[in-house]
Amino acid sequence: MDQYCTTQNLKNSSREAYEGMAKNIINFMGNLALKDVKPSHLSEFVTSRGDTVSASTVRSYRLLRMCMADAELTGLLERTPFARHRAPKYPRSEESRFLTSEEVRLLLAAADGSRLQRPLAFMLATGVRSSELFALRKSDLHLEADVPYVTIRHNVRTSNGTPEWGDAKTVNGLRSIDLSPTTVDVIKAHLGTLMLEQMKSYRWDDESLLFPSTVGSVWDYKNFRKLWDRIVKDSGIAHASPHSTRHTHASHSIAAGEQVFYLSRRLGHSAVSQTYDTYGHLLKGGQEISAHAMDEFLQAV
């Protein structure tokens, strides 16, 4: 495990997550030799925490599959049991939901005048992740271009208190996102407010950050989430996570007629298939040609 974390250059938070998954696997089947692990053991592992499969169980399952595939590749195993076992699927979570038009209006109204007002508007307008939002710098903005855009280069996580910076997850994660005139106006207003905050503050850690904390440091996710939860409660909408802004952006883009390929690039998905898998059920129409393709043969039927 240590070797994998090192070769993949994983951050501390990811390393701890993998160590936790490895511990769960060892606790459940650590007394078994690799060659003795059967599909029935995998089924028991998947359901070991109840009938509902959790996301953490799916991640642990995939880690075990990866490790045993490596054992097969290096000759420690003749064959893994995964070829004869149906893999569990990720459960739908609160992060999978998107906001309706009315919910968006209520949420923005509840955020009006708060520190979350313009970051929320930016997330809805661009579909960026919170970890990408916190990592944005003013230099990533290109507002004077013929088509204004923002460049997504990095992400930063604060799950352990100390900011952990990382590059975009994938090649497609490093991307540029076009900005509408309305979004540009939101950003310019935000920059003006940010300048006033900086002038009034006795301490400002990093002048380059676009969406910093109240002291100019990287915005801690826990503090961000507290403010988010309060505004969601004040808005009166059903519970939703910050990641729902990303799904909201995608779903409303599809409803407006955006092509999945361009949406995939905008979201920074590793492949277009990921976008189809996540949002394909929202696609409407697009079957006019297929619907009539065989008509000439059926007219005489």
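For the structure itself, consult the block above.
Note that the structure is predicted; figures quoted are calculated from it, not measured.

A.B. asks: So what exactly am I meant to see when it comes to the overall build of the protein chain here?
C.D. replies: Scanning the protein chain for helices and strands turns up 14 helices and five strands. Per-residue burial over the protein chain gives 38% buried out of 301 residues. Nonlocal contacts in the protein chain, meaning residues at least 24 apart in sequence, comprise 58% of its contacts between residues at least 6 apart. With an accessible surface of roughly 17700 Å², the protein chain has 52% of that area assigned to carbon and sulfur atoms.

A.B. asks: Would you take a moment to explain the pairing of strand E3 (residues 154-157) for this structure?
C.D. replies: Consecutive side chains of a regular strand alternate in pointing toward one face of the sheet and then the other. Here E3 runs beside strand E4 (residues 164-167); their pairing, made up of four bridges, is antiparallel. Residue pairing in the sheet places His-154 in a bridge with Asp-167 of E4. The hairpin turn running from E3 into E4, its antiparallel successor, is six residues long, and Gly-161 in that turn takes a positive phi close to 95 degrees.

A.B. asks: Help me out: how do you make sense of the nonpolar core in this one?
C.D. replies: Nonpolar side chains tend toward joint burial in soluble globular proteins. By size, the foremost hydrophobic cluster in this structure holds 35 residues, and its most contacted members are Leu-107, Leu-116, Phe-122 and Leu-133. Of all the secondary structure elements, the ones that give two or more residues to this core are helix H5 (101-111), helix H6 (117-126), helix H7 (130-135), strand E2 (149-152), helix H8 (181-200) and helix H9 (221-235). Examining the composition of this core, we find that five residues originate from one element, H9, more than from any other. Setting aside residues up to four positions removed in sequence, Leu-116 forms contacts with Trp-219, Phe-224, Leu-227, Trp-228 and Ile-231. If you look at the next biggest cluster of nonpolar residues, it comprises 16 residues, including Val-53, Tyr-61, Leu-63 and Met-68.

A.B. asks: Help me out: how do you make sense of the pairing of E2 in this one?
C.D. replies: In terms of strand pairing, strand E1 (residues 141-142) meets E2 through two bridges, oriented antiparallel. By the bridge assignment, Leu-141 is partnered in E2 with Val-150. Between E1 and E2, which pair antiparallel and follow one another directly, the connecting turn spans six residues. The sheet contact formed by E2 and strand E5 (residues 175-178) spans four bridges and is antiparallel. Within the sheet, the bridge partner assigned to Val-150 lies in E5 and is Ile-177.

A.B. asks: Help me understand the side chain of His-249, please; the structure alone is not making it clear to me.
C.D. replies: Within the secondary structure layout, His-249 lies in helix H10 (residues 244-255). You can call His-249 buried: its relative accessible area is 8%. Setting aside anything within four residues of it in sequence, one finds His-249 in contact with Leu-124, Ala-125, Thr-126, Gly-127, Arg-266 and Leu-267.

A.B. asks: Quick question: what am I supposed to make of the packing of aromatic side chains here?
C.D. replies: Aromatic ring pairs: the centre-centre distance and the angle between the two ring planes describe each pair. Going through the model one piece at a time under the given rule, you end up with eight aromatic pairs. The rings of Phe-134, Trp-219, Tyr-221 and Phe-224 are connected pair by pair, giving a single aromatic cluster. Of note, Arg-115 hangs over the ring of Trp-219, and the distance from its end group to the ring centre comes to 5.8 Å.

A.B. asks: Explain the sheet that holds E1 here, please?
C.D. replies: Strand pairing in a sheet relies on backbone hydrogen bonds, with the paired strands running either antiparallel or parallel. Here we have three strands laid out as an open sheet, ordered E1-E2-E5, and antiparallel in their pairing. For this open sheet the edge positions go to E1 and E5, each flanked by a neighbour on one side alone.

A.B. asks: It is not clear to me how the environment of Ala-83 should be interpreted in this structure. Could you clarify?
C.D. replies: Relative to the assigned elements, Ala-83 resides in the loop between helix H4 (55-73) and H5. Separated by 18 residues in sequence, Ala-83 and Arg-65 place their C-alpha atoms 9.8 Å apart.

A.B. asks: When you look at the pattern of salt bridges in this model, what are you seeing that I'm missing?
C.D. replies: Charged atoms that come close allow side chains of opposite charge to pair. For the structure on display, the rule yields eleven salt bridges. Arg-105 is the partner of Glu-102 in a salt bridge, and the nearest nitrogen-oxygen pair spans 3.4 Å. In this pair, Glu-102 and Arg-105 are both assigned in helix H5, three residues apart and thus about one turn of the helix distant. Exposure remark for Glu-102: the relative accessible area of 43% places this residue in the partly exposed category. Looking at Arg-105, the relative accessible area reads 53%, which means it is exposed. Note that Arg-129 is salt-bridged to Glu-132, the shortest N-O span being 2.7 Å. Like Arg-129, the residue Glu-132 is buried in the burial classification. Connected through shared salt-bridge partners, Arg-129, Glu-132 and Arg-175 make up one network.

A.B. asks: For this particular structure, what's the right way to read H6?
C.D. replies: For an α-helix, 3.6 residues make a turn, and residues three or four places apart therefore share a direction. Every buried residue of H6 is listed here: Pro-119, Leu-120, Phe-122, Met-123, Leu-124 and Thr-126. Two residues or fewer after H6 comes Gly-127, characterised by a positive phi angle close to 80 degrees.

Rules behind the numbers
Every residue gets a number counted from 1 within its own chain, in the order that chain's sequence is written. With the structure being a predicted model, the display of local features is reserved for residues of pLDDT at least 70 and the display and counting of side-chain atom pairs for 80 or more, all residues being used for whole-chain, interface and lining totals. Only heavy atoms go into the side-chain values, all of them from the structure, while hydrogens and water stay out. Numbering goes from the N terminus for both helices and strands, where a helix is a DSSP run of H or I of at least four residues and a strand is a run of E of at least two. When a residue's accessible area, from a 1.4 Å probe over protein chains only, is under 20% of the maximum for its type it is buried; when over 50% it is exposed; and in between it is partly exposed. Two residues qualify as a contact provided that any one of their heavy atoms is within 4.5 Å of a heavy atom in the partner residue. For the area figures, the Shrake-Rupley method with a 1.4 Å probe applies, and any residue is considered shielded solely by the protein chains shown. DSSP calls a pair of strands paired once it identifies at least 2 bridges connecting them. Put simply, buried Ala, Val, Leu, Ile, Met, Phe, Trp, Tyr and Cys residues joined by side-chain atoms within 4.5 Å make one nonpolar core. Here the aromatic set is Phe, Tyr and Trp, taking the six-membered ring for Trp, and pairing holds for ring centres within 6.5 Å; pairs whose planes are under 30 degrees apart are stacked, those over 60 apart are edge-to-face, and all others are tilted. Two conditions define a charge located above a ring, namely a distance within 6 Å from the ring centre to NZ of Lys or CZ of Arg, and an angle within 35 degrees of the ring normal. Any carboxyl oxygen of Asp or Glu that lies within 4 Å of a side-chain nitrogen of Lys or Arg is treated as forming a salt bridge with it.

Note that all results are geometric; they support no functional claim without further evidence.
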